[in-house]
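# Chains, contacts and geometry: an overview
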Amino acid sequence: MTDAPSPSPVPAKASGRLTVRALLLGERLDVAGLERSDAISTAPFAFRVGEQGMVALFRYGAAVLAGLSPVEEDDLLRKIAPRVSGAFTTIEDEIATISLSPEGDDSIPPGGPIQLRELTPERFLVIADAMAKSVALASNERQVSSVFDVIDPLARSLAREGRLPGNRQQLLKLIGGSLQVEHRVAGRVAVEDKPDVLWDRPELERLFKRLQDEYELSERASALADKLDVIQNSTRALTDLIDAQRSLRLEAAIVLLIVFEIVLTFINWTFF
């Protein structure tokens, strides 16, 4: 369970706007051993930066930054870069705007900014959870699309010409890639799981559900799971066909060898 964050809000203006940026830096982000006096949470590891900034780091490679200047962002990313394993060459990112209005209620109007009375650490953790999951899903969606780009020509060739691809190793790599995405979504990102902060602040569950709807987290995770099933079924069917084809070739070769041996035996009996 997340350590209870400090109840004090970010020392921002009574009203105004803040930018929140979510980045997927790599496969994993090691937060072990990180200790800060300004920490506001341990799962995810979150802390303050500067006067009004906050940062949340997620073990599955995501970092969410709120209220940081460009210089502060660059400095932070440079410091945590050694802790990123499997760093991505193409970094998924997502930007949201938070509108602070002490007189208003927490809401997310369609196409508009996230409206909050104040950006407390608890609210930041809820927003960071949703945005981190969103960029992780975006990366997985892009990877699955690239797998479809490989499978589609193979399926077309099979349907049009009845010819199977000969590279079984390539198909096994596709299966491995799809299993890796499935493991990342179900095990690491855990899209359906609620952030731990809701155990301490259940009144923020409405904000969490609104963010879930805004980023379509459940729908995207379900669609991704369906695509993964299609990929795995398709690649397994192709590998089964390739194996069956190889078995037929092997059986044909054995039959030819047997026939050749019979012919040689007949020749020996007849002429020698």
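Quick look at the structure, then. Keep in mind that this is a model prediction, so the values were computed, not measured.

Across its full length, the protein carries six helices and seven strands. Seen in sequence order, the protein has helices and strands lined up from the N terminus as β-β-β-β-β-α-β-β-α-α-α-α-α. Counting every position in the protein, which comprises 272 residues, the buried fraction comes to 39%. Sequence separation of at least 24 residues holds for 74% of the intrachain contacts in the protein that already meet a minimum separation of 6.

Right, let's get into empty space enclosed by the protein. In total, this model carries one cavity of 30 Å³ or more according to the counting rule given. Looking at the largest cavity, its volume works out to about 40 Å³. A per-class count over the lining of the largest cavity returns six nonpolar, two polar and two charged.

Take helix α1 (residues 70-80) next. Three or more residues of α1 are buried, namely Glu-73, Leu-76 and Ile-80. Down the axis of α1, the smallest arc covering the buried residues is 70 degrees, so these residues share one side. Those residues of α1 that are exposed and angled more than 90 degrees off the buried face are Pro-70, Val-71, Arg-78 and Lys-79.

Thresholds, definitions, all that
Along each chain, residues carry numbers from 1 onward, in the same order as the chain's sequence is written. Selection of residues for local features in this predicted model requires a pLDDT of at least 70, selection of side-chain atom pairs for listing and counting requires 80 or more, and totals for whole chains, interfaces and linings are taken over all residues. As a rule here, side-chain values come from all non-hydrogen atoms in the structure, and water together with hydrogens is ignored. Secondary structure follows DSSP: runs of H or I at least 4 residues long count as helices, runs of E at least 2 residues long count as strands, and numbering of each begins at the N terminus. Burial classes follow relative accessibility: with a 1.4 Å probe on protein chains only, a residue under 20% of its type's maximum area counts as buried, one over 50% as exposed, and anything between as partly exposed. Contacts between residues were defined by any pair of non-hydrogen atoms, one from each residue, lying within 4.5 Å. Note on definitions: the grid is 1 Å and covers protein atoms alone; a cavity is a set of points where a 1.4 Å probe fits but cannot get out; a pocket is an open set with protein on both sides within 12 Å along at least five of seven lines; lining residues have an atom within 4 Å of a point. Grid points are joined across faces, edges and corners, and a volume is the space filled by probe spheres set on the points. Each residue gets one label: Ala, Val, Leu, Ile, Met, Phe, Trp, Tyr, Cys and Pro are nonpolar, Asp, Glu, Lys and Arg are charged, and the others, such as Gly, are polar. The arc under discussion is defined with respect to the helix axis, by the directions toward the C-beta atoms.

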